[in-house]
Amino acid sequence: MSHYSGPLLTRPAAEALLAARDDGADTWRGSLDLGRSSDSASLQPDTWRWLGQQYPYPSKLKDRTIYYWDGDAFAPISRFSGSLIKLVPTEWGAPTFEIDGIKMLPTAKASPYEDARRKVALVEPRGKKVLDTCGGLGYFAACCLEAGVAHVQSFEKNADVLWLRTLNPWSPDPDAPASGGRLQLMHTDVSRAIMQIADASVDALLHDPPRFGIAGELYSQAFYDQLARVLRFGGRLFHYTGSPNKLTSDRDVPREVARRLEKAGFKAQLALDGVLGLRR
């Protein structure tokens, strides 16, 4: 799917646009791509113009919602197909997303993009072939590209997440010149697709699965054995875990993951909010 190139509005951006018009300004300058850039829009009483296209002023917008132009009106970036999935703005610019109200990326202390950059740095992707098991919004892949990766093979099972990516300017586009043909994004279930990847054929791994309750198979010993099989000896893996259930039970998911990775053939240690593994 091609990436959207129209304006993206949040409630603060829309309010600033309207305030400038009401103050009698001819132009408004700000970001219409969630902080990726700043540009000017020309203002008329009933419409505003940006990058050669005319738009109506939006009606009242909701908080914690991002809107895109669907050709007729500004519509929220959300879908319901069994679960409600939604792109959600953050104070950092780069958005997160939610599934049934559960935030999928950490945003409390830093931008989810900056958070991804720190994690990607742990596997040292420059010049390497990287397997990104659960692509999500693509921040791991984007940071790999930024760091000079040779190639990223990324998998995403959820079609609605792939749709969010086409509307998110922070998500990398595999077909964009900036990607240089180095990103391969596949719409498939990595727990099955990994069986087709050759032994010791990747240099580094990034594994950011959904919560255990949603995708327990991606925390299984069988899957970790497959990760060890496809990773070359000496290769690094970062496995995001967070700390689910830590406050409500005695379960320690990061240490459980570390033990399974050790059994699969990794030397594992806790790092950031996950586990760093070295293939032995």
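A brief look at the structure comes next. What you are looking at is a predicted structure, and each value in this text was computed from that prediction instead of being measured. (Residues numbered from 1 in each chain as written. Predicted model: local features only at pLDDT ≥ 70, side-chain atom pairs only at ≥ 80, totals over all residues. Heavy atoms only, no water.)

Quick word on the overall build of the protein chain
When helices and strands are counted, the protein chain shows 7 helices and 18 strands. Its C-alpha atoms give the protein chain a radius of gyration of 21 Å, near enough to 19 Å, the size a compact globule of 280 residues would have. Considering only C-alpha atoms, the protein chain reaches an extent of 65 × 45 × 30 Å along its principal axes. When burial is assessed residue by residue, the protein chain has 50% of its 280 residues classed as buried. By sequence separation, contacts in the protein chain at least 24 residues apart represent 59% of the contacts at least 6 residues apart. Looking at charge distribution, the protein chain has the averaged site of its 35 positive side-chain charges lying 7 Å from that of its 33 negative ones. (Helix = DSSP H or I, 4+ residues; strand = E, 2+ residues; numbered from the N terminus. Rg over C-alpha atoms; globule rule 2.2 N^0.38 Å. Buried < 20%, exposed > 50% of the residue type's maximum accessible area, 1.4 Å probe, protein only. Contact = heavy atoms within 4.5 Å. Lys, Arg positive; Asp, Glu negative; His and termini not counted. Charge placed at Lys NZ, Arg CZ, Asp CG, Glu CD.)

A word on unusual backbone geometry
Most of the time, phi is negative for any residue but glycine, and the peptide bond is trans. Residue Leu51 is not a glycine yet carries a positive backbone phi of 50°. Topologically, Leu51 is positioned in the loop between β4 (47–50) and β5 (53–56). Positive phi values are uncommon outside glycine, yet Asp100 reaches one of about 50°. Tracing the backbone through its elements, the reader meets Asp100 in the loop between β10 (96–99) and β11 (102–103).

Regarding the sheet that holds strand β8 (residues 78–80)
If you trace the 4 strands from one edge of the open sheet to the other, you get β8-β9-β10-β11, paired in antiparallel fashion. Each of the sheet's edge strands pairs with one partner strand only, and the pair in question is β8 and β11. Where β8 lies against strand β9 (residues 84–88), 3 bridges are found, and the strand directions are antiparallel. Note that in β9 the partner of Arg79 across the bridge is Ile85. On the sheet, helix α4 (residues 159–167) packs against β8, β9 and β10 and is oriented at approximately 25° with respect to β9. (Pairing = 2+ DSSP bridges. Axes fitted to C-alpha atoms, helices over the stretch in contact; angles between N-to-C directions.)

Here we look at the side chain of Ser111
Mapping Ser111 onto the fold places it in the loop between β11 and α2 (112–121). Note on Ser111: relative accessible area 8%, which makes it buried. Separated by 3.0 Å, the side chain of Ser111 and the backbone nitrogen of Tyr113 make a polar contact. Those residues in contact with Ser111 that lie beyond four places of it in its chain are Trp92 and Ala94. (Polar contact = N/O pair within 3.5 Å; in protein donor to acceptor, adjacent residues only side chain to side chain.)

Observations regarding the packing of aromatic side chains
A complete count under the given rule lists 10 aromatic pairs for this structure. Between Tyr4 and Tyr68 the ring centres are 5.7 Å apart and the planes differ by 90°, which places this aromatic pair in the edge-to-face class. One end of the pair, Tyr4, is in the segment before β1 (8–9); the other, Tyr68, is in strand β6 (residues 67–69), and 64 residues separate them in sequence. The class for Tyr4 is partly exposed, based on a relative accessible area of 23%. Tyr68 sits in the buried class, given a relative accessible area of 17%. Of the aromatic side chains, those joined through ring pairs into one cluster are Trp48, Tyr55, Trp69 and Phe74. Against the face of Tyr57 rests Arg21, its NZ or CZ located 4.6 Å from the ring centre. (Phe/Tyr/Trp six-rings, centres within 6.5 Å; stacked < 30°, edge-to-face > 60°. Lys NZ or Arg CZ within 6 Å of the ring centre and 35° of its normal.)

All we've got here are geometric facts, nothing functional implied.
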